[in-house]
Number of protein chains: 2
Amino acid sequence: MANKEKACAELGFYSEKHALPEETTEAELLSLIERLNNDDKIHGILVQLPLPKHLDDKTIINNILPSKDVDAFHPTNVGRIMIGDFDFVPCTPAGIMELIHESGVEVSGKECVVIGRSNIVGKPMAMLLLHEHGTVTVCHSRTKDLKAQTRRADILVAAVGIPKFVTGDMVKDGAVVIDVGMDRDENGKLCGDVDFDSVEPVAGAITPVPGGVGPMTIAMLMKNTLTAARRAHEKKQG
Amino acid sequence: MANKEKACAELGFYSEKHALPEETTEAELLSLIERLNNDDKIHGILVQLPLPKHLDDKTIINNILPSKDVDAFHPTNVGRIMIGDFDFVPCTPAGIMELIHESGVEVSGKECVVIGRSNIVGKPMAMLLLHEHGTVTVCHSRTKDLKAQTRRADILVAAVGIPKFVTGDMVKDGAVVIDVGMDRDENGKLCGDVDFDSVEPVAGAITPVPGGVGPMTIAMLMKNTLTAARRAHEKKQG
């Protein structure tokens, strides 16, 4: 959370942090969301997940006004991402697209392989790559011969949550390798899903962990919040 | 439309057909949708697309109550399909899944290749195959070396809209080939996206056109309408 607050402060965004006790009931949390939904001063609402077990993520997320859902987790926003007509970008995948664009990598016609099929990263990532005309394959734990898939990739996105899962022998020469992982290695040190030491010599470009995708995600969250404020302003102007 | 009305009649569903003149205004169409949204007798609303040019598909679709959107085109329903928690199945892709299941084909771990990335077929198809643990690749007009992709496929779905586009040399021995096309060949005869004559000897299973996917789509539409009626009934019961 600290990084998000810092980003808000740096950008001059007004922000409120509601650190609720673990025993908060669903009714209490929904009542807070309702209040923030109706508060004109607030343009973006972010519920830090995962929630304690007695709270249902889905119920909570679905009660955030889609126009304030800056995480883009509400079904309406997810659907708009899939359709390709969206205000709010999915933060982590959109951050990755920014990195790809900044590096001058063209997605169109490229073989893109995404390892992981989560609702937060894998699936929206596949959609954004597809919108930019990549040929997109989504792999996961049930994929047979994963190496054959990853070795085809011009752009490889690893979002598996297993430390150093992608090794050099799984990567095509010159591939762009994006590491979404935030894992701990056997010594408790922060690392990614990609084994940087063996992949770096093979890859054409590679994101480090920490410092690669993570900061971009927060930047995209801020971008969505700005978009939300703009839309609210436009609406007020009629 | 005739097939849908016939299906309603066969199932004993009450149905209304509103055949509007081409010059119908947006306001008139939205007013009709509003009335149907609020009509307890109506559980499903289907707007036949494409609409005349002066009407915006998106505006019209987005005004159908998601709980009556039996085509599952509303962003909220699209998002729920992507998330994997949905009441309404996407009709054509879900019809295809039924065909696959009926044939005893296991999707889990299979290489699934979808040609086409439309919002109606390609993208939701990819999601359903992914939910059933297929390794899924989406190809399209910008895909380089399409044949290399399609020849990997254990399950190949063609939804391109080009007559006889998929030929025998593009198909792996024993693959399951699903033809979503409804095209006309050079003689004006109805045909699919798959060149049946050259693919049939190679494929392990293949859907014909007409008669394969099409009737399943209507069945799924009826299934969604039944689901909508059930949900409305449950809601009334509290």
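Predicted model only: the values in this text are computed from it and were never measured. (Residues numbered from 1 in each chain as written. Chains lettered and ligands numbered in written order. Predicted model: local features only at pLDDT ≥ 70, side-chain atom pairs only at ≥ 80, totals over all residues. Heavy atoms only, no water.)

1. A few points about the overall build of chain A
The cut-off we apply is this: Under the DSSP-based scheme used, a helix requires at least four consecutive residues in state H or I and a strand at least two consecutive residues in state E, with every element numbered from the N terminus. Between the two quantities, the radius of gyration covers C-alpha atoms and the globule rule is 2.2 Å times the number of residues to the power 0.38. Exposure is judged per residue with a 1.4 Å probe applied to protein chains only, and the accessible area is read against the type maximum: over 50% gives exposed, under 20% gives buried, and values in between give partly exposed.
Counting secondary structure elements, chain A contains 9 helices and 7 strands. For 238 residues, the compact-globule formula gives about 18 Å, and the C-alpha radius of gyration of chain A, at 19 Å, lands near that figure. By its C-alpha atoms, chain A is 50 × 45 × 35 Å across when sized along the principal axes. Buried positions account for 47% of the 238 residues belonging to chain A.

2. So, the packing of helix 5 (residues 91-102) of chain A against helix 9 (residues 213-237) of chain A
Residues and elements named next belong to chain A. Cut-off, in case you're wondering: Orientation is described by lines fitted to C-alpha atoms, with helices fitted over the stretch in contact, and by angles between N-to-C directions that extend from 0 to 180 degrees. Convention used here: angles under 35 degrees read as roughly parallel, angles over 145 as roughly antiparallel, angles from 65 to 115 as roughly perpendicular, and any remaining angle as oblique. Put simply, a crossing is left-handed when the front helix is turned counterclockwise from the back one by less than a right angle, and right-handed when it is turned clockwise. By the convention used here, residues are in contact when the closest approach between their heavy atoms is within 4.5 Å. Lys, Arg, Asp and Glu make up the charged group, whereas Ala, Val, Leu, Ile, Met, Phe, Trp, Tyr, Cys and Pro make up the nonpolar group; the residues left over, Gly among them, are polar.
Running from amino to carboxyl end, helix 5 crosses helix 9 at an angle of 110°, the nearest separation of the two axes being 8 Å. Considering the angle they form, helix 5 stands roughly perpendicular to helix 9. Helix 9 is crossed by helix 5, and the crossing has right-handed handedness. Residue-level inspection shows Cys 91, Thr 92, Ala 94, Gly 95, Ile 96, Glu 98 and Leu 99 of helix 5 in contact with helix 9, the latter providing Val 213, Met 216, Thr 217, Met 220, Leu 221, Lys 223 and Asn 224. For the contact of helix 5 with helix 9, the class distribution of residues is 8 nonpolar, 4 polar and 2 charged.

3. Some thoughts on the relation of the copies chain B and chain A
One copy of the chain maps onto the second through a rotation about an axis and a displacement along it. For clarity, the cut-off: Superposition of the copies was done by least squares, using only C-alpha atoms of residues whose pLDDT is at least 70 in both.
With an RMSD of 0.0 Å, the fit of chain B onto chain A corresponds to turning through 180° and sliding 0.0 Å along the axis. On the angle and the small slide along the axis, the relation comes out as a two-fold axis. Interface residue correspondence from chain B to chain A reaches 100%, placing this contact among same-surface, isologous pairings.

4. Focus: the interface of chain B and chain A
The condition is simple: One side-chain nitrogen of Lys or Arg within 4 Å of one carboxyl oxygen of Asp or Glu is enough to make a salt bridge. The definition of a polar contact used here is a pair of N or O atoms within 3.5 Å, where within protein one atom must be able to donate a hydrogen and the other to accept one, and adjacent residues in sequence count solely through side-chain atom pairs. Should DSSP find at least two bridges between two strands, the strands are regarded as paired.
Counting from both sides, the interface comprises 34 residues of chain B and, opposite them, 34 residues of chain A. Taken together, chain B and chain A are joined by 2 salt bridges. Residues Asp85(B) and Lys58(A) are paired through a salt bridge, measuring 2.7 Å at the closest nitrogen-oxygen approach. One can count 26 residue pairs in polar contact (both at pLDDT 80 or more) joining chain B with chain A. When residues of the side of chain B that touches chain A are assigned to their parent elements, the largest contribution, 7 residues, is made by helix 4 (residues 75-83) of chain B. Partitioning the side of chain B that touches chain A into residue classes produces 11 nonpolar, 14 polar and 9 charged. Strand direction decides the pairing type here: strand 2 (residues 135-139) of chain A and strand 2 (residues 135-139) of chain B, joined by 3 bridges, are antiparallel. Its bridge partner lying in strand 2 of chain B, Val136(A) is registered against Val138(B).

5. Overview of the sheet that holds strand 7 (residues 205-206) of chain A
Ordered by their spatial adjacency, 10 strands build an open sheet running 7(A)-4(A)-3(A)-1(A)-2(A)-2(B)-1(B)-3(B)-4(B)-7(B), and the pairing between neighbours is mixed. Taken across any chain shown, the strands that pair with only one partner, and hence form the sheet edges, are strand 7 of chain A together with strand 7 (205-206) of chain B. Against the sheet, helix 6 (residues 122-131) of chain B contacts strand 2 of chain A together with strand 1 (111-115), strand 2 and strand 3 (155-158) of chain B, and its axis sits at roughly 170° relative to strand 1 of chain B.

6. Notes on the domain arrangement of chain A
Residue and element names in this part refer to chain A. Put simply, the rule reads: Start and end positions for the domains come from either an automated domain assignment or a database one. Buried area is understood as the total, over both parts, of accessible area removed when two parts are fitted together, assessed with a 1.4 Å probe.
Considered domain by domain, chain A is made up of domain 1 (2-83) and domain 2 (91-213). On a C-alpha basis, the centres of domain 1 and domain 2 stand 28 Å from each other. Across the boundary between the two partners, domain 1 contributes 6 residues, which contact 6 residues of domain 2. Of all residues in domain 1, the largest losses of buried area upon contact with domain 2 belong to Phe 73, Ile 81 and Met 82, amounting jointly to 73% of the total for that side.

7. Remarks on the side chain of Thr225(B)
Looking at where Thr225(B) falls in the secondary structure, it is placed in helix 9 (residues 213-237). Sequence-distant contacts of Thr225(B), defined by excluding residues within four places in its chain, comprise Phe13(B), His43(B), Gly44(B) and Val70(B).

8. As for the pairing of strand 4 (residues 176-179) of chain A
Residues and elements named next belong to chain A. Burial along strand 4 is two-sided: Val 176 and Ile 178 and Val 177 and Asp 179, pointing in opposite directions, are all buried. When strand 3 (residues 155-158) meets strand 4, the two strands line up parallel, connected through 4 bridges. The residue bridging Val 157 from the neighbouring strand is Ile 178, located in strand 4. Sheet topology places strand 4 next to strand 7; 2 bridges connect them, and they run parallel. Bridging across to strand 7, Val 177 finds its partner in Ile 206.

9. Concerning the state of the cysteines
Residue and element names in this part refer to chain A. This is how it is decided: We call a pair of cysteine sulfur atoms a disulfide whenever their separation is within 2.5 Å.
Per the stated rule, a full pass over the model turns up 0 disulfides over all chains. Considering cysteine sulfurs only, Cys 91 is the nearest to Cys 8, which forms no disulfide, with 12 Å between them. Residue Cys 91 is classed as buried on the basis of its relative accessible area, which comes to 8%.

10. What about helix 9 of chain B?
Counting along an α-helix, one turn takes 3.6 residues, and residues three or four places apart therefore face a common direction. All names here are of chain B. How we decide: To estimate how far a helix should extend, the number of its residues minus one is multiplied by 1.5 Å.
End to end, helix 9 covers 36 Å across 25 residues, agreeing with the expected 36 Å (1.5 Å per residue, within 8%). Those residues of helix 9 that sit buried are Val 213, Met 216, Thr 217, Ile 218, Met 220, Leu 221, Met 222, Asn 224, Thr 225, Thr 227 and Ala 228. Where helix 9 ends, the next residue or the one after it, Gly 238, has phi of about 80°, a positive value.

11. Quick look at helix 6 (residues 122-131) of chain A
Most of helix 6 of chain A is tucked away: 9 of the 10 residues are buried. Phi turns positive one or two residues past the end of helix 6 of chain A, at His133(A), with a value near 75°.

12. Notes on the nonpolar core
Rule in force here: Nine residue types can take part in a nonpolar core, namely buried Ala, Val, Leu, Ile, Met, Phe, Trp, Tyr and Cys, and a core is a set of them joined through side-chain atoms within 4.5 Å.
Ile100(A), Leu129(A) and Leu129(B) are the most contacted members of the largest nonpolar core, which totals 80 residues. Residues in contact with Leu129(B), not counting those within four places in the same chain, are Met97(B), Ile100(B), Val107(B), Cys112(B), Val114(B), Gly134(B) and Val136(B).

13. Comments concerning the pairing of strand 2 of chain A
Residues and elements named next belong to chain A. Test applied: When the strands point away from the viewer and the connection leading from the first strand across the helix to the second strand turns clockwise, the crossover is called right-handed.
Most of strand 2 is tucked away: 5 of the 5 residues are buried. Burial of strand 2 is two-sided: the residues Thr 135, Thr 137 and Cys 139 facing one way and the residues Val 136 and Val 138 facing the other way are all buried. Where strand 1 (residues 111-115) and strand 2 come together, 5 bridges link them in parallel fashion. Paired with Ile 115 across the bridge in strand 2 is Cys 139. Tracing the backbone out of strand 1, into helix 6 and back to the parallel element strand 2 gives a crossover that is right-handed.

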